[in-house]
Amino acid sequence: MREYQSLSHTKWNCKYHVVFIPKRRRKQIFGELRRHLGEIFHELAKQKGCERVEGHLMADHVHMCLSIPPKYAVSNVVGFIKGKSAISIARNFRGKTKNFTDENFWARGYFVSTVGLDEEMVRNYIKEQEREEERYEQLNLWKN
């Protein structure tokens, strides 16, 4: 049986597969920044009453499965996570301490898909994303 969450007058199970990229899809997510983003995404989701069910950071994109209460719009939660994480990156990795206007680490937009009854399949896809990409790159090497 599914585990449903509750608000005062609502039972819900709303999960979304979200993907977004750094500006110009640069391969910037590695090392200390990767560890920092994993922690900050978890904390930011919790601040909005959401849960990061699954997540994986690739060098050039982020995959997350988020459980978002129906009282929030997905766009508001994703915008909050991207905006606050960009400020955190500026503060901790670019040496800025104030004036966070025009902090654009992330590209505009994102991909979102409802998870629905295929949650386990989506979670496995997110976990296996790195291996799939390596396999795809190997196939391209053989073609060239």
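Check the entry above for the structure.
Residues numbered from 1 in each chain as written. Predicted model: local features only at pLDDT ≥ 70, side-chain atom pairs only at ≥ 80, totals over all residues. Heavy atoms only, no water.

### Overview of the environment of Ile81
Part 1 of the argument: Secondary-structure assignment places Ile81 in helix H2 (residues 74-93).
Part 2 of the argument: Along the sequence, Ile81 and Lys48 sit 33 residues apart, while their C-alpha atoms lie 9.2 Å from each other.
Part 3 of the argument: Not counting the four nearest positions on each side in its chain, Ile81 is found in contact with Phe41, Leu44, Met64 and Leu66. (Helix = DSSP H or I, 4+ residues; strand = E, 2+ residues; numbered from the N terminus. Contact = heavy atoms within 4.5 Å.)

### A few points about the sheet that holds strand S3 (residues 15-20)
Part 1 of the argument: Spatial ordering of the open sheet is given by S4-S5-S3-S6, a layout of 4 strands whose pairing is antiparallel. Bordering the open sheet on either side are strand S4 (51-57) and strand S6 (111-114), each of which pairs with just one other strand. Along the sheet, successive strands turn relative to each other by an average axial angle of 15°, direction set aside.
Part 2 of the argument: In the sheet, S4 pairs with strand S5 (residues 62-67) via 6 bridges, with the strands oriented antiparallel. Bridge pairing in S5 links Arg52 to Leu66.
Part 3 of the argument: Contacting S3, S5 and S6, H2 crosses the sheet at an angle of about 45° to S3. (Pairing = 2+ DSSP bridges. Axes fitted to C-alpha atoms, helices over the stretch in contact; angles between N-to-C directions.)

### What about helix H1 (residues 31-47)?
Part 1 of the argument: In a regular helix each residue adds 1.5 Å, so 17 residues correspond to 24 Å; H1 covers 25 Å between its end C-alpha atoms and thus fits that length.
Part 2 of the argument: Taken together, the buried positions of H1 are Leu33, His36, Leu37, Ile40, Phe41, Leu44 and Ala45. One side of H1 holds all its buried residues, which, seen down the axis, span an arc of 155°. In H1, the exposed residues that point more than 90 degrees away from the buried face are Arg35, Glu39 and Lys46.
Part 3 of the argument: Contact partners of the buried residues in H1: S3, S4, S5 and H2.
Part 4 of the argument: Directly beyond the C-terminal end of H1, a positive phi value near 75° is found at Gly49. (Expected span 1.5 Å × (residues − 1). Buried < 20%, exposed > 50% of the residue type's maximum accessible area, 1.4 Å probe, protein only. Arc of directions from axis to C-beta.)

Nothing here speaks to function; it is all geometry.
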